[in-house]
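Residue strings, one per chain:
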Amino acid sequence: MADVAAGASGRDRLAVVASGVGGLSVLYATQPILDALARDLGATESAAAWTIAGSTLGVALSAPIAGAVSDRLGRRAVIVWALVGVLATTLLCAVMPTLWGLVAMRVLQGMLVPFVFSTSIAMIPEAWPGSLSVRLGALQVAGTALGGFLGRFASGLAAPLGWRWSFVAVAIVVAVALAAVVAWLPRDRGFSPSPSLGAGVRGFGTHLRDGRILATCLVGAALLALQVGSFTYGSLALVAPPHALAEWQVSLVFVVFLLAIVVTPRVGAIVGRIGLVPTFLAAVAVGVVGLGLAAFGAGGATWAIVVGLALTCVAVFAGQSCATGFVARHVVVARSSAVGLYLTAYYLGGAVAAVALGPVFVGFGWLGCVVALAAVLALSAPIAALAWRGTPASSGSRIVEPGP
C-alpha cells in the first residue's frame, strides 16, 4: 500500500490508513464473541446480536450530521476527538455488567464512528487536492477494510481470556490508530468552515423526493444486511455443532475482509468497460453463489461456509462501490447530505438484519438465514437496474464512503 499514493509523504499515508482502521475496527468487533456474550451475560444468541445492531444503529443515527459538524468545527480536531471517544467507549464496553448496558454503550460507540470516516473522506480532497485525493481516498477505503478485519481478528484472538479482554484487544488497535493520527495527520488545509451546523444538512428534502436516490438507499440497506447477516450468523453457525470452532478460530475467517483492498480499486475499471448496472448484477450473482456455498456448508462442510462468506464479502464491496459511485455521479447539489442519507439507510439495513435474523436463526438455523439473505440480495437487483438505468459507463465508481 505504500506506493498507492505516491506524492504524499509516508506519514500522510499512514495517517490516512490509521483513520480508517481506528474508525471501523469497533463496529463489528463482537461478531466472533456472540456465543461467549450470550453464555456469560445469561442471554440468547439473538439478544447478543444486539451488540452488532447497536453499533450500526448508532452510525445510522449520526451519519447525517457528522459531515455538518466537521464542516463547522474543522476536520482534524473532529477526527482526533472522535477517536478519543471511540477508545473510551471501547474500554467502557469491557466493564459493562449487563448485556443491555453493553448494547447502550455500543450505540454510543457507533454514533462516534461517522465523525471519523466521514470527516476523513471530506478532508482528503482538501488537504491533498487533484489526482492525489483519489489515490489517498482509495488508501482510506483500504484502511477501513483493514480496520474491519483487525477489530474482528483481535476480538476473536483474545476470546480465550474472556470476552472483556476482547474489548481490551480492540482498544489496543484503536489506541495505535489514534497515536498515528495525532502524530501524523496534518492540520486542516484548504478548509473553510461553514456558517452554521444547519448549512451542512440542507438538501435532505430534495433527496427525499428523488426516487433514484431513495432506491439506491434501499440497495445500500440490502448490501449491509447481507454483510452483517452473513457474518454475524455465520459466526454463530461456525461455533455450533457440527463445526464447533473456537472463537479464535472463527476470527481467522475474517481475513476475507482484506479482499476489499484488492476488489474495491478494480470495480471502477469494470464499470468503465461494461457499465454500472451490469457490474452490480455481476456482484449480485457472486453474492448468490456465495450464499449457495454457505448453505451447502450447513451440513458440516466448514470450508463451504468460509468460501461462501468470502464471496459475499466480494459482492458487498463491489456492490457498495457501484451504489456510492451512482450517488457521487447523480447528485450535483448538497452532495454531503445525499451521502448522509445513503449512509443512514445503509447502516439501518445492517441493524435490521442483525436483529431480524435472530428468530430465523433460532427457528430455522443457518440455512434459514441464508435463504432470507438471498431473497433480500435478489430483490436489490431489479431496484438497482431501474434506478440506475441510463447511467453511462464512463461514470466510474468513485468511492464516497468506505465499505463495511
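Please read these numbers as outputs of a predicted model, since none were measured by experiment. (Residues numbered from 1 in each chain as written. Predicted model: local features only at pLDDT ≥ 70, side-chain atom pairs only at ≥ 80, totals over all residues. Heavy atoms only, no water.)

Helices and strands together make up the secondary structure of the chain, namely 16 helices and 0 strands. The proportion of buried residues among the 404 residues of the chain is 59%. Carbon and sulfur atoms make up 71% of the accessible area of the chain, which amounts to about 14,600 Å² in all. (Helix = DSSP H or I, 4+ residues; strand = E, 2+ residues; numbered from the N terminus. Buried < 20%, exposed > 50% of the residue type's maximum accessible area, 1.4 Å probe, protein only. Areas by Shrake-Rupley, 256 points an atom, 1.4 Å probe, with all protein chains shown as cover.)

What follows covers empty space enclosed by the protein. It is a probe the size of a water molecule, rolled over the atoms, that shows where empty space is left. By the definition in use, this model includes 1 cavity of 30 Å³ or more. Around the largest cavity sit V16, S19, I79, S120, M123, I124, W128, Q140 and L185, which together line it. Contributions of two or more residues to the lining of the largest cavity are made by α1 (10-24) and α7 (114-127). Of the residues assigned to the lining of the largest cavity, the class counts are 6 nonpolar, 3 polar and no charged. (1 Å grid on protein atoms, 1.4 Å probe; cavity = no way out; pocket = protein on both sides within 12 Å on 5 of 7 lines; lining within 4 Å. Points joined across faces, edges and corners; volume = space filled by probe spheres on them. Nonpolar A, V, L, I, M, F, W, Y, C, P; charged D, E, K, R; others polar.)

Quick look at the environment of H207 now. Inspection of the secondary structure puts H207 in helix α10 (residues 204-208). Residue H207 is classed as buried on the basis of its relative accessible area, which comes to 4%.

This part takes up the confidence of the model for the chain. Confidence in the prediction of the chain, expressed as mean pLDDT, is 85, and 87% of residues score 70 or more. Low pLDDT, under 50, characterises residues 394-402; the predicted model gives this stretch 34 contacts beyond four residues in sequence or across chains. (pLDDT = per-residue confidence, 0-100. Contact = heavy atoms within 4.5 Å.)

Moving on: unusual backbone geometry. Most of the time, phi is negative for any residue but glycine, and the peptide bond is trans. Looking along the chain, the bond that leaves P241 and enters P242 is cis, with omega of 5 degrees. Of note, A244 is a non-glycine position whose phi angle comes to about 55 degrees, a positive value. As for its placement among the helices and strands, A244 is situated in the loop between α11 (211-239) and α12 (247-253).

Now for α1. For α1, which comprises 15 residues, the first-to-last C-alpha distance of 22 Å matches the rise-based estimate of 21 Å (1.5 Å per residue) to within 8%. Taken across its 15 residues, α1 has 12 buried, putting it largely inside the fold. Along α1, the residues classified as buried are D12, R13, A15, V16, V17, A18, S19, G20, V21, G22, G23 and L24. (Expected span 1.5 Å × (residues − 1).)

What follows deals with a nonpolar patch on the surface. Together, L61, L108 and M111 make up a nonpolar patch on the protein surface, roughly 250 Å² of accessible area in all. Within the element layout of this structure, M111 appears in helix α6 (residues 99-112). (Patch = residues over 30% accessible without salt bridge, like charges linked within 9 Å, V, L, I, M, F, W, Y side chains within 5 Å. Salt bridge = Lys/Arg side-chain N within 4 Å of Asp/Glu carboxyl O.)

Take the packing of α1 against α7 next. At a minimum axis distance of 9 Å, the contact between α1 and α7 shows a crossing angle of 160 degrees. The angle between α1 and α7 falls in the class roughly antiparallel. Between α1 and α7 lies a crossing of left-handed hand. Of the residues in α7, those in contact with V16, S19, G23 and L24 of α1 are V116, F117, S120 and I124. Taken together, the residues of the contact of α1 with α7 sort by class into 5 nonpolar, 3 polar and no charged. (Axes fitted to C-alpha atoms, helices over the stretch in contact; angles between N-to-C directions. Parallel < 35°, antiparallel > 145°, perpendicular 65-115°, else oblique. Left-handed = near helix turned anticlockwise from the far one by under 90°.)

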